[in-house]
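# Chain and residue survey
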2 protein chains.
Amino acid sequence: MRRPRLILAILAAGAGLAAVATAAVKPESAIAYRQAGYTMLGWNFGPMAQMVRGKTPWDAAEFARRAERVAQIAPQLLEGFPEGSDAGAKTDAKPEIWKNMDDFKAKMDELVKQSRLLAEVAKSGDEAKMKDQFKQTAGACKACHEKYRNEE
Amino acid sequence: MRRPRLILAILAAGAGLAAVATAAVKPESAIAYRQAGYTMLGWNFGPMAQMVRGKTPWDAAEFARRAERVAQIAPQLLEGFPEGSDAGAKTDAKPEIWKNMDDFKAKMDELVKQSRLLAEVAKSGDEAKMKDQFKQTAGACKACHEKYRNEE
């Protein structure tokens, strides 16, 4: 027996699924969303960094798998910074983001570009190229953090 | 001037990037990661649910964009449930998950399958088919939540 109405009622009640309307996003929801994005980025970026630093054995396939995930998540981050989400919950995002949105977007675009390049380079399995492109991608993270993130 | 060593040192220090080695994941990191995954799923699932329920105007392109994201995130969730991550931080995941991992994996596979189908169907722009497949996908969420999630 199909019970679509029940399923949707459960969804609406928030069974783990934030009911976010595109038009009216609560600041705290946007903050939680973007922090989730960075958590997922970090989860995948971390093991790659460990390999690049020689702390764990080099595993090209694992690296490529994680690079592809980073490339998928990176383009989803910008949506987590709507106007008005500079406050509303604990956030390390500096108010400067919303005063320099064009520059912030450009830095996000750079992350998207570099992480996509990383995923593409990773398909080759060429260790040196992968390590070099990893550093380019890490540089894109750093450039944005330095300017727009309150470092703890 | 390139400063790869500095960049890596910053990464290692945890500039928003959890240093997770694949081999030894802390339970609290896995819990944070999987919760991030569900937050991102919900962020994208919510607006689709709103459209399906007629609460916001139907927008096939927006629906398709979010469906693709859900299909990308769904396969990343299982990694957030390593052995031993039934405790270590606040979690709604029931201990039954780790006692029935094969069944849990099967339910995750079903979500991956249904959400991929949703993303594919969404490319067609066929509203009726998209709504129907959305309900199938929501059903995959529900089947797992009912058995393995402590509903608040």
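The structure this text deals with has already been given above.
These numbers were taken from a predicted model, which means no experiment stands behind them.

### Here's the deal with the overall build of chain A
- Scanning chain A for helices and strands turns up six helices and zero strands.
- Mapped in sequence order, the helices and strands of chain A form the string α-α-α-α-α-α.
- A buried classification covers 45% of the 152 residues belonging to chain A.
- With the model as given, the accessible surface of chain A reaches about 7200 Å², and the carbon-plus-sulfur share is 53%.

### Describing the environment of A:Ala122
All names here are of chain A.
- Summarising the element assignment, Ala122 is placed in helix H5 (residues 101–124).
- On the basis of relative accessibility, which here comes to 4%, the residue Ala122 falls in the buried class.
- In this structure, the C-alpha to C-alpha distance between Ala122 and Glu62, residues 60 residues apart in sequence, is 9.7 Å.
- Look past the residues within four positions of Ala122 in its chain and what remains in contact with it is Phe63, Ala64, Ala67 and Met130.

### Details of H5(A)
Residues and elements named next belong to chain A.
- Helix length check: H5, at 24 residues, gives a terminal C-alpha distance of 35 Å against a target of 34 Å (1.5 Å per residue), a fit within 8%.
- Among all positions in H5, only Met101, Phe104, Lys107, Met108, Leu111, Gln114, Ser115, Leu118, Ala119 and Ala122 are buried.
- Buried residues in H5 make contact with helix H2 (27–52), helix H3 (60–73), helix H4 (96–99) and helix H6 (127–148).
- Directly after H5, the chain includes Gly125, whose backbone phi takes a positive value near 75°.

### Some remarks on the packing of aromatic side chains
Residues and elements named next belong to chain A.
- Enumeration over the complete set of coordinates arrives at 16 aromatic pairs over all chains.
- Relative to Phe134, the ring of Phe63 lies with its centre 6.2 Å away and its plane at 65°, an arrangement referred to as edge-to-face. Here Phe134 lies in helix H6 and Phe63 lies in helix H3, a separation of 71 residues in the sequence. The burial state of Phe63 is the same as that of Phe134; both residues are buried.
- Clustering of aromatic rings is evident, with ring pairs tying together Tyr38, Phe81, Trp98, Phe104 and Tyr148.
- We note Lys131 situated over the ring of Trp58; from NZ or CZ to the ring centre the distance is 5.2 Å.

### Regarding helix H3 (residues 60–73) of chain B
- Along its 14 residues, H3(B) runs 20 Å from first to last C-alpha, staying within 8% of the 20 Å computed at 1.5 Å per residue.
- All buried positions along H3(B) are accounted for by B:Glu62, B:Phe63, B:Arg66, B:Ala67, B:Arg69, B:Val70, B:Ala71, B:Gln72 and B:Ile73.

### A look at the pattern of salt bridges
- Counted by the stated rule, this structure contains 30 salt bridges over all chains.
- With a closest N to O distance of 3.2 Å, A:Glu79 and B:Arg65 form a salt bridge. Here B:Arg65 lies in helix H3 and A:Glu79 lies in the loop between H3 and H4, a pairing that spans two chains.
- Here the salt bridges do not stand alone but share partners, grouping A:Glu62, A:Arg65, A:Arg66, A:Arg69 and B:Glu79 into one network.

### Some remarks on the packing of H2(A) against helix H2 (residues 27–52) of chain B
- At a closest axis distance of 8 Å, the pairing of H2(A) and H2(B) adopts a crossing angle of 130°. As the angle between them shows, H2(A) and H2(B) are arranged oblique. The way H2(A) lies across H2(B) gives a crossing that is left-handed. Facing A:Ser29, A:Ala30, A:Ala32, A:Tyr33, A:Ala36, A:Gly37, A:Thr39, A:Met40 and A:Trp43 of H2(A), the residues of H2(B) in contact are B:Ser29, B:Ala30, B:Ala32, B:Tyr33, B:Ala36, B:Gly37, B:Thr39, B:Met40 and B:Trp43.

### Quick word on the environment of A:Arg34
All names here are of chain A.
- Inspection of the secondary structure assignment puts Arg34 in helix H2.
- Along the chain, Arg34 and Leu78 lie 44 residues apart, while their C-alpha atoms are 7.9 Å from each other.
- Aside from chain neighbours lying at most four places away, what touches Arg34 is Leu77, Gly80, Phe81, Ser85, Thr91, Ala93 and Trp98.

Rules of the game
Residues numbered from 1 in each chain as written. Chains lettered and ligands numbered in written order. Predicted model: local features only at pLDDT ≥ 70, side-chain atom pairs only at ≥ 80, totals over all residues. Heavy atoms only, no water. Helix = DSSP H or I, 4+ residues; strand = E, 2+ residues; numbered from the N terminus. Buried < 20%, exposed > 50% of the residue type's maximum accessible area, 1.4 Å probe, protein only. Areas by Shrake-Rupley, 256 points an atom, 1.4 Å probe, with all protein chains shown as cover. Contact = heavy atoms within 4.5 Å. Expected span 1.5 Å × (residues − 1). Phe/Tyr/Trp six-rings, centres within 6.5 Å; stacked < 30°, edge-to-face > 60°. Lys NZ or Arg CZ within 6 Å of the ring centre and 35° of its normal. Salt bridge = Lys/Arg side-chain N within 4 Å of Asp/Glu carboxyl O. Axes fitted to C-alpha atoms, helices over the stretch in contact; angles between N-to-C directions. Parallel < 35°, antiparallel > 145°, perpendicular 65-115°, else oblique. Left-handed = near helix turned anticlockwise from the far one by under 90°.

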